[in-house]
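# Tertiary structure, described
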Amino acid sequence: MSEPLLQVAGLTKRFGGVIAAEAIALAIPAGECHAVIGPNGAGKTTLVGLLAGEIAPERGSIRFDGRDITALAVPGRSQLGLARSFQITSLFADFTALDNVALAVQAHDGHSFRFLTDARRDAALREPARAALEAIGLGSRADARVDKLSHGEQRQLEIAVALATKPRLLLLDEPMAGLGSDESARMVAMLRRLKGSLTMVLIEHDMATVFALADRITVLVYGRVIASGDPAAVRADAAVREAYLGEQDARHG
Ligand SMILES: Nc1ncnc2c1ncn2[C@@H]1O[C@H](COP(=O)(O)OP(=O)(O)OP(=O)(O)O)[C@@H](O)[C@H]1O
Ligand SMILES: [Mg+2]
């Protein structure tokens, strides 16, 4: 059997006395949509930061595509095909949707933001940017300024920004956060279309969404993995029901 695309072992990170990640192990094969769930403060965003290279672990290792990337900084990981979206929006508000994506393409290609005016004109940047917008269903909003987009459109645009760099692994930190039900449904449909064509680590609070999208689920509590497996196994896991899905459920379910 070939090595998983992402393999994490013993990943540990504390903030002062707070254990945000404790000996986390994960193995995610290429093409999988892997959800990470857990209560507030469980360490989900910390895990994304560790995987993206924004946070350095105290211990443990991260292998991606057969390489040890534990010591690799964010740009190096991005070059290898790791991309993330943020729990809170990270767009340039007074630029157009297309410009935001073109800038991501430019940054990924190793150019500097200094050549901003070039980025806005350069066909080599605009064409992949437009393609990413189309893929996400935002093609018609390419020339709209970010601050004129709805919140849902902004979240979609963030995914387009991440996709523009043609990642192999996409880290999604609560892409549905703050969306209304229609916008959430559109985002879920979009992620479902992406599923299979790239590997995803999806942080998500809404259980219906998680069970609709995930091939496998890892449950974090206080920085520790308390369960990991396919959705049916995780749903039935007594520790998960106790710690996360609610004791009520565990007693009567
Ligand atoms: N930069 C930091 N400095 C200090 N403590 C931090 C830092 N980042 C995270 N923490 C703490 O680490 C723990 C895990 O936080 P994290 O943001 O990873 O949780 P989370 O599962 O993403 O929570 P949420 O569901 O609210 O987004 C929390 O106790 C948090 O307060
Ligand atoms: Mg978080």
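Just so it is clear, the structure is predicted and the values come from calculations on it, not from any experiment. (Residues numbered from 1 in each chain as written. Chains lettered and ligands numbered in written order. Predicted model: local features only at pLDDT ≥ 70, side-chain atom pairs only at ≥ 80, totals over all residues. Heavy atoms only, no water.)

## Details of the packing of helix H6 (residues 151-163) against helix H7 (residues 181-194)
In contact at an axis separation of 9 Å, H6 and H7 are set at 20° when each is read in the N-to-C sense. When the axes of H6 and H7 are compared, the pair comes out roughly parallel. In terms of crossing hand, the pair formed by H6 and H7 is right-handed. Each of His151, Gly152, Arg155, Gln156, Ile159 and Leu163 in H6 lies in contact with H7, whose residues at this interface are Glu183, Met187, Met190 and Leu194. A breakdown of the residues in the contact of H6 with H7 according to their chemical character gives five nonpolar, three polar and two charged. (Axes fitted to C-alpha atoms, helices over the stretch in contact; angles between N-to-C directions. Helix = DSSP H or I, 4+ residues; strand = E, 2+ residues; numbered from the N terminus. Parallel < 35°, antiparallel > 145°, perpendicular 65-115°, else oblique. Left-handed = near helix turned anticlockwise from the far one by under 90°. Contact = heavy atoms within 4.5 Å. Nonpolar A, V, L, I, M, F, W, Y, C, P; charged D, E, K, R; others polar.)

## Some points on the sheet that holds strand S7 (residues 169-173)
Judged by pairing direction, the sheet is mixed, and its six strands sit side by side in the order S6-S7-S8-S3-S9-S10 without closing on themselves. The open sheet has two free edges, formed respectively by strand S6 (82-85) and strand S10 (224-229), since each of these has just one partner strand. Here the strands of the sheet are splayed against their neighbours by 15° on average, with no regard to which way each runs. (Pairing = 2+ DSSP bridges.)

## With respect to the packing of helix H5 (residues 123-136) against H6
Relative orientation of the contacting elements H5 and H6 amounts to 135°, with a least axis distance of 9 Å. By the angle class used here, H5 and H6 are oblique. At the point where H5 passes H6, the crossing takes the right-handed sense. Two secondary-structure elements touch here, H5 through Ala132, Leu133 and Ile136 and H6 through Gln156, Leu157, Ile159, Ala160 and Leu163. For the contact of H5 with H6, a count of residues per class yields seven nonpolar, one polar and no charged.

## A short note on the site of ligand 1
The local shell around ligand 1 holds 14 residues, among which Gly41, Gly43, Lys44, Thr45 and Thr46 are the closest. Within the side chain of Lys44, an N or O atom sits 2.7 Å from an oxygen atom of ligand 1. At 2.6 Å, a side-chain N or O of Thr46 approaches an oxygen atom of ligand 1. When ligand 1 sits alone it has 640 Å² of accessible area, and the protein chains cover 61% of it. Among the elements of the structure, strand S2 (18-28) and helix H1 (44-52) are those that each provide at least two residues to the shell around ligand 1. It is H1 that provides the largest number of residues to the shell around ligand 1, a total of three residues. Each residue belonging to the shell around ligand 1 can be placed in one class, and the counts come to five nonpolar, seven polar and two charged. (Near = heavy atom within 4 Å. Polar contact = N/O pair within 3.5 Å; in protein donor to acceptor, adjacent residues only side chain to side chain. Areas by Shrake-Rupley, 256 points an atom, 1.4 Å probe, with all protein chains shown as cover.)

## Points about the packing of aromatic side chains
Counting across every chain of the model gives one aromatic pair. Considering the side-chain rings of Phe92 and Phe95, the 5.6 Å spacing of their centres and the 35° angle between planes classify their relative orientation as tilted. For Phe95, a relative accessible area of 14% puts it in the buried group. In this structure, Arg235 packs its charged tip against the face of Phe211, placed 4.0 Å from the ring centre. (Phe/Tyr/Trp six-rings, centres within 6.5 Å; stacked < 30°, edge-to-face > 60°. Buried < 20%, exposed > 50% of the residue type's maximum accessible area, 1.4 Å probe, protein only. Lys NZ or Arg CZ within 6 Å of the ring centre and 35° of its normal.)

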